[in-house]
Amino acid sequence: MREKLKREIRENVKKIDTAEIKFTSVLEYKALARGNVWSDAIQAAMDEKKSVYIPDMGGEIVLDSAIIMDGGCNLKVEKNQKIRIDKSVNTCMVRNRNVAAGNHQYTEQLSPDEYITVSGGVWTTSGNARCSNDKYNTIIGSWGIFDFSNVNHLNINDVSFEDSTSYAIHIGNCHDFWVDNIYFSNYHKDGIHINGPTKYGIISNISGSDLGDDLIAMNAWDWYRAAITFGSIENVLVENVAGDNNEFRLLTGRKIYGNKTTHDCAIRNCVFENITGIYTFKLYYQPNCCNVNYKSRFDSAENVGEMENIFFKNVSFPRLRESGFNNIPIYGLFDILSDITDIEFEDISVAHSLSELDKMHIKLVSVGPISATYKINDNPSDWGDFFEPDMCCTCRDIRFKNISFGGKRETDKDNIIREVHQKINPDYPNTTPRGGTGFGKIENVTVE
């Protein structure tokens, strides 16, 4: 099933051949540059020539507005050329033109931009708090340095990102995308952030250490101000990820819009293969942590959402942590709070022994809700939970093959997977977390 799914994804994702494309050097438009600010020159070249090359300029160049790409546009940057957004501009750096906003209602593609490529360069937003789609922040949920929504056939490759506090690559409402050979350095937010409705994509050859958030996030459901659109993510292959001390998120749920309409945001038919350096895969629903700060603006879902046909193969854990960002506890190297049908783990190796995991109260796979107290001040009446520990989930048809701890193969399912049953903490708030009444349920496990 996994190999068949990989073939299907590869057959439906296009590697756009730019070898025969004639690129125009932006130097032909250097009269429009203002010192080292090249936004006007790049945009004029893009609008007139469609395919633009930025050579090594001998030093950093600056943008003071986003490069806007229509369908059929290509941007190629010399590998080591550094590009920075001007301080306090707070816009994305590259985006497609026809973004279809979907924060207020479910939105599918509307006259999408098609066949866009971006390659090369070292990109940074150092000095800017957060990127938005434009300087007026007219589109809620736009966070990316590269911001692509409502696109078909998108290739992003051979790009480096450094010293930024926005998502590096933000993709949503997209059919057929390939993100390849991406490197992160001194990065403080999500590396690659995918939102639905999206189908058929490949994310490959990704590397970076100690990111300030998820190295890769595939958020079908997402927080209101963290995505442009919401919906299911289907048929995605993620392979060859070399991280170090990073997290990885898969987020599902049922989106509730302001007009009270809803839409299910599932993750289906995805393969994750050849991955190392992730200390926890978060396959769980998580409400907006800002709910604790802004109780009148509650951003949550009706349920934990669904996943189906999920495959993990050749995943290694060279080091462990008992907690992640904001001291959130890690229950499992694969932490699950989603209704999942058909999930497979094959060739999973943990450098530590089972006894070492037991001392940290960690299992390979943990199914059920998490409770973690968010202390926004010293007053317990203002505290809240990062999660929803009263929620429940069911994980069924789970297959394990070739699982090892400390070099020793393990076939006892009780040493591999567990159900979490939360309990109310009677001593809260003297001790935390508060706990809850939720639980996880496991059905039909096989181990080889």
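Scroll up a little and you will see the structure.
Keep in mind that this is a model prediction, so the values were computed, not measured.

Which residues make up the packing of aromatic side chains, and what are the values?
With the rule as written, the count across this model stands at 22 aromatic pairs. Taken together, a centroid distance of 5.3 Å and an interplanar angle of 70° make the contact between tryptophan 221 and tyrosine 285 edge-to-face. With tryptophan 221 in the loop between strand S14 (214-219) and strand S15 (233-251) and tyrosine 285 in the loop between strand S18 (267-284) and strand S19 (306-317), this residue pair connects regions lying 64 residues apart in the sequence. For the residue pair tryptophan 221 and tyrosine 285, the accessibility class agrees, reading buried in each case. Pairing phenylalanine 248 with phenylalanine 281 gives two aromatic rings, centres 5.2 Å apart and planes at 35°, and the pair type is tilted. Of this pair, phenylalanine 248 sits in strand S15 while phenylalanine 281 sits in strand S18, and the two are 33 residues apart along the sequence. Neither residue differs from the other here; phenylalanine 248 and phenylalanine 281 are each classed as buried. Taking NZ or CZ as reference, lysine 15 lies 5.0 Å from the ring centre of tryptophan 178, over its face.

Tell me about the pairing of strand S8 (residues 113-119), residues and numbers included.
With five of seven residues buried, S8 is to be regarded as a mostly interior element. With three bridges connecting them, strand S5 (residues 74-77) and S8 associate as parallel partners. Bridged to lysine 76 within S8 is serine 119. Alignment of S8 against strand S10 (residues 144-162), held across six bridges, turns out to be parallel.

Would you mind going over the environment of arginine 297 in detail, with residue names and values included?
Tracing the backbone through its elements, the reader meets arginine 297 in the loop between S18 and S19. Residue classification places arginine 297 among the partly exposed residues on the basis of a relative accessible area of 46%. Once residues within four sequence positions are removed from consideration, arginine 297 is found in contact with Arg225 and Asn291.

Outline unusual backbone geometry, supporting the account with residue identities and numerical values.
A cis amide bond links glycine 196 with the next residue in sequence, proline 197, at an omega value of -5°. For proline 197, the location among the structural elements is in the loop between strand S12 (192-195) and strand S13 (198-209). A cis amide bond, omega 5°, links threonine 432 with the succeeding residue proline 433. Mapped onto the elements, proline 433 comes out in the loop between strand S27 (417-419) and strand S28 (440-447). Located in the positive-phi region is aspartate 158, a residue other than glycine, with phi close to 60°. By the secondary structure assignment, aspartate 158 is in strand S10. Among the residues examined, aspartate 158 registers a relative accessible area of 38% and is labelled partly exposed. Positive phi, close to 55°, is recorded for asparagine 205, a residue that is not glycine. Summarising the element assignment, asparagine 205 is placed in strand S13.

Outline the side chain of threonine 24, listing residues and values.
Mapped onto the fold, threonine 24 is located in strand S1 (residues 24-25). In this view, threonine 24 contacts Tyr29, Lys49, Ser51, Val52 and Tyr53; residues no more than four positions away in its chain are not counted.

I'd like to hear about the layout of surface pockets, residue by residue, with values.
Its boundaries defined by the atoms lining it, the largest pocket holds a volume of some 1000 Å³. Taken together, 47 residues make up the lining of the largest pocket; nearest its centre are Trp223, Ala226, Asn288, Cys289 and Cys290. Every element with two or more residues in the lining of the largest pocket is listed here: S14, S15, strand S16 (253-256) and S18. Broken down by class, the residue content of the lining of the largest pocket amounts to 19 nonpolar, 13 polar and 15 charged. Around the second largest pocket, the lining comprises 16 residues; the ones closest to its centre are Asn291, Phe298, Asp385, Phe387 and Glu388. For the lining of the second largest pocket, a count of residues per class yields eight nonpolar, three polar and five charged.

Now, about the environment of glycine 384: what can you tell me, with residues and values included?
Position of glycine 384 among the secondary structure elements: in strand S24 (residues 384-385). Spatially, the C-alpha atom of glycine 384 lies 31 Å from that of glutamate 308, the residues being 76 residues apart in sequence. The contacts of glycine 384, once residues within four sequence positions are left out, are Val292, Ala372, Thr373 and Tyr374.

Lay out the pattern of salt bridges in plain terms, naming residues and giving numbers.
Going through the model one piece at a time under the given rule, you end up with 31 salt bridges. With its nearest N and O atoms 3.1 Å apart, the salt bridge here joins glutamate 346 to arginine 2. In this pair, glutamate 346 sits in strand S21 (residues 339-350) while arginine 2 sits in helix H1 (residues 2-12), placing the two residues 344 residues apart along the sequence. For glutamate 346, a relative accessible area of 11% corresponds to the buried category. Judged by relative accessible area, arginine 2 falls into the buried class, the value being 11%. Here glutamate 247 ties to lysine 282 by a salt bridge, and the two come within 2.6 Å at their closest N and O atoms. Taken together, the positions of glutamate 247 in strand S15 and lysine 282 in strand S18 put the pair 35 residues apart, joining distant regions of the chain. We note that glutamate 247, like lysine 282, is buried.

Could you give an account of helix H2 (residues 39-49), with specific residues and numbers?
Residues of H2 that are buried: Ser39, Ala41, Ile42, Gln43, Ala44, Ala45 and Met46. Buried residues belonging to H2 abut strand S2 (51-54), strand S3 (61-63), strand S4 (67-69) and S5. Count one or two residues on from H2 and you reach lysine 50, which has phi positive near 75°.

Conventions used here
Residues numbered from 1 in each chain as written. Predicted model: local features only at pLDDT ≥ 70, side-chain atom pairs only at ≥ 80, totals over all residues. Heavy atoms only, no water. Phe/Tyr/Trp six-rings, centres within 6.5 Å; stacked < 30°, edge-to-face > 60°. Helix = DSSP H or I, 4+ residues; strand = E, 2+ residues; numbered from the N terminus. Buried < 20%, exposed > 50% of the residue type's maximum accessible area, 1.4 Å probe, protein only. Lys NZ or Arg CZ within 6 Å of the ring centre and 35° of its normal. Pairing = 2+ DSSP bridges. Contact = heavy atoms within 4.5 Å. 1 Å grid on protein atoms, 1.4 Å probe; cavity = no way out; pocket = protein on both sides within 12 Å on 5 of 7 lines; lining within 4 Å. Points joined across faces, edges and corners; volume = space filled by probe spheres on them. Nonpolar A, V, L, I, M, F, W, Y, C, P; charged D, E, K, R; others polar. Salt bridge = Lys/Arg side-chain N within 4 Å of Asp/Glu carboxyl O.

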